[in-house]
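Single-letter residue listing:
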Amino acid sequence: MHMSTNVSLTYPGLKSMLIENRYTETISLLYAKTHFHFPGLTDILDFRQHVLPNRFDSIRVLSIDWEPNPYFIASTPKMRVETWNTISQMKGLQQLRVYIKTLCVLPDSSAARSLKQNLRKVKGLQKFELVVTRDQFAFWDGFLEEGMEVKLVVNTEARGESSFRQPPAPASMVRAY
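Every value quoted in this text rests on a predicted model; they were computed, and no experiment measured them.

Procedures and definitions
- Residues numbered from 1 in each chain as written.
- Predicted model: local features only at pLDDT ≥ 70, side-chain atom pairs only at ≥ 80, totals over all residues.
- Heavy atoms only, no water.
- Pairing = 2+ DSSP bridges.
- Helix = DSSP H or I, 4+ residues; strand = E, 2+ residues; numbered from the N terminus.
- Axes fitted to C-alpha atoms, helices over the stretch in contact; angles between N-to-C directions.
- Contact = heavy atoms within 4.5 Å.
- Salt bridge = Lys/Arg side-chain N within 4 Å of Asp/Glu carboxyl O.
- Core = buried A, V, L, I, M, F, W, Y, C linked by side-chain atoms within 4.5 Å.
- Buried < 20%, exposed > 50% of the residue type's maximum accessible area, 1.4 Å probe, protein only.
- Parallel < 35°, antiparallel > 145°, perpendicular 65-115°, else oblique.
- Left-handed = near helix turned anticlockwise from the far one by under 90°.
- Nonpolar A, V, L, I, M, F, W, Y, C, P; charged D, E, K, R; others polar.
- Expected span 1.5 Å × (residues − 1).
- Arc of directions from axis to C-beta.
- Phe/Tyr/Trp six-rings, centres within 6.5 Å; stacked < 30°, edge-to-face > 60°.

(A) The arrangement of the sheet that holds strand β5 (residues 151-155) in detail. The sheet built from five strands is open, its strands ordered β1-β2-β3-β4-β5 with parallel pairing. Where the open sheet ends on each side, the last strands, each with one partner, are β1 (35-38) and β5. For this sheet, the mean angle separating the axes of adjacent strands, direction not counted, is 20 degrees. Most of the contacts of helix α4 (residues 77-88) go to strand β2 (residues 61-66), to which it runs at about 165 degrees, and overall it touches β2, β3 (95-100) and β4 (127-133).

And the structure:
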């Protein structure tokens, strides 16, 4: 008696069931093996709302472009705190790179203190880097404090003019409605 291990795909629904099972079994690999890159700090909050929690928690590599500008109201301080809380609670996260695009945080400002507090929340990663341009390095050098797990890295590939911008005068502030 000979038993065949071939399965006939003529049985109604069998092919779609096999495809669905393969998807279900491999989708976590997609999240675990993909480098997720977000164009803005708070974009991760939107993304989190559109994926299942177990898939979100399987993300291992994350990078974010961040343009900290307290005069642009695309993200509120509450949203930034929520973003850092979200990042710090990602169960599978192993590597995080945050690319600082422009500089608009004064050293002894409340924004700087808030940033330090948020950076301290992220712990236990294999790699956690704050990537700045060469012309910003002098400002950021010394910003990080003992006990922070984040490492300061200079982006040698960044080109162009200095990305340091002075905060605008209060009279020229633009409000978003």
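(B) Highlighting the pattern of salt bridges. Counting across every chain of the model gives five salt bridges. Here E145 ties to K116 by a salt bridge, and the two come within 2.9 Å at their closest N and O atoms. You can see E145 sitting in the loop between α6 (137-140) and β5 and its partner K116 sitting in helix α5 (residues 110-121), a full 29 residues away along the chain. In this structure, R120 engages E145 in a salt bridge whose closest nitrogen and oxygen atoms are separated by 2.3 Å. With a gap of 25 residues between them, R120 in helix α5 and E145 in the loop between α6 and β5 connect regions that are remote in the sequence. Through salt bridges with shared partners, a single network forms among K116, R120 and E145.

(C) A look at the nonpolar core. Core analysis: the biggest nonpolar cluster contains 33 residues, and L62, W84, I87, L96, L119 and F128 have the highest contact counts within it. When contributions to this core are tallied by element, the ones reaching two or more residues are α1 (14-33), β1, α2 (43-49), β2, α4, β3, α5 and β4. Beyond its immediate stretch of four places on either side in the chain, I87 contacts I44, L62, I64, L93, L96 and V122.

(D) Structural context of the environment of L45. Here L45 lies in helix α2. On the basis of relative accessible area, L45 is assigned to the buried category, the value being 7%. Spatially, the C-alpha atom of L45 lies 7.6 Å from that of T86, the residues being 41 residues apart in sequence. Other than its neighbours up to four places away in sequence, L45 contacts M79, E82, T83 and T86.

(E) Expanded view of the packing of α4 against α5. Relative orientation of the contacting elements α4 and α5 amounts to 20 degrees, with a least axis distance of 8 Å. It follows that α4 is roughly parallel to α5 by the angle criterion. In this structure, α4 meets α5 at a crossing whose hand is right-handed. Note on element contacts: α5 touches α4 through N118, L119 and K121, opposite R80, V81, W84, N85 and S88. Its residues assigned to classes, the contact of α4 with α5 shows three nonpolar, three polar and two charged.

(F) Summary view of α4. Under the 1.5 Å per step criterion, the end-to-end length of α4 is 17 Å for 12 residues, consistent within 8% with the ideal 16 Å. Listing the buried residues of α4 in full gives R80, T83, W84, T86 and I87. Projected down its long axis, α4 carries its buried residues within an arc of 155 degrees, all on one side. In α4, the exposed positions that point more than 90 degrees away from the buried face belong to P77 and K78. Summarising the contacts, the buried residues of α4 are in contact with α2, α3 (53-56), β2, β3, α5 and β4.

(G) Representation of the packing of aromatic side chains within the structure. One pass over the structure, following the stated rule, counts five aromatic pairs. Aromatic pair Y31 and F36: ring centres 5.7 Å apart, planes at 15 degrees, arrangement stacked. Note on accessibility: Y31 and F36 belong to one class, buried. Here the aromatic cluster, defined as three or more aromatic residues joined through ring pairs, consists of Y31, F36, F38, F47 and F56.

That's the geometry; what it means functionally is another story.
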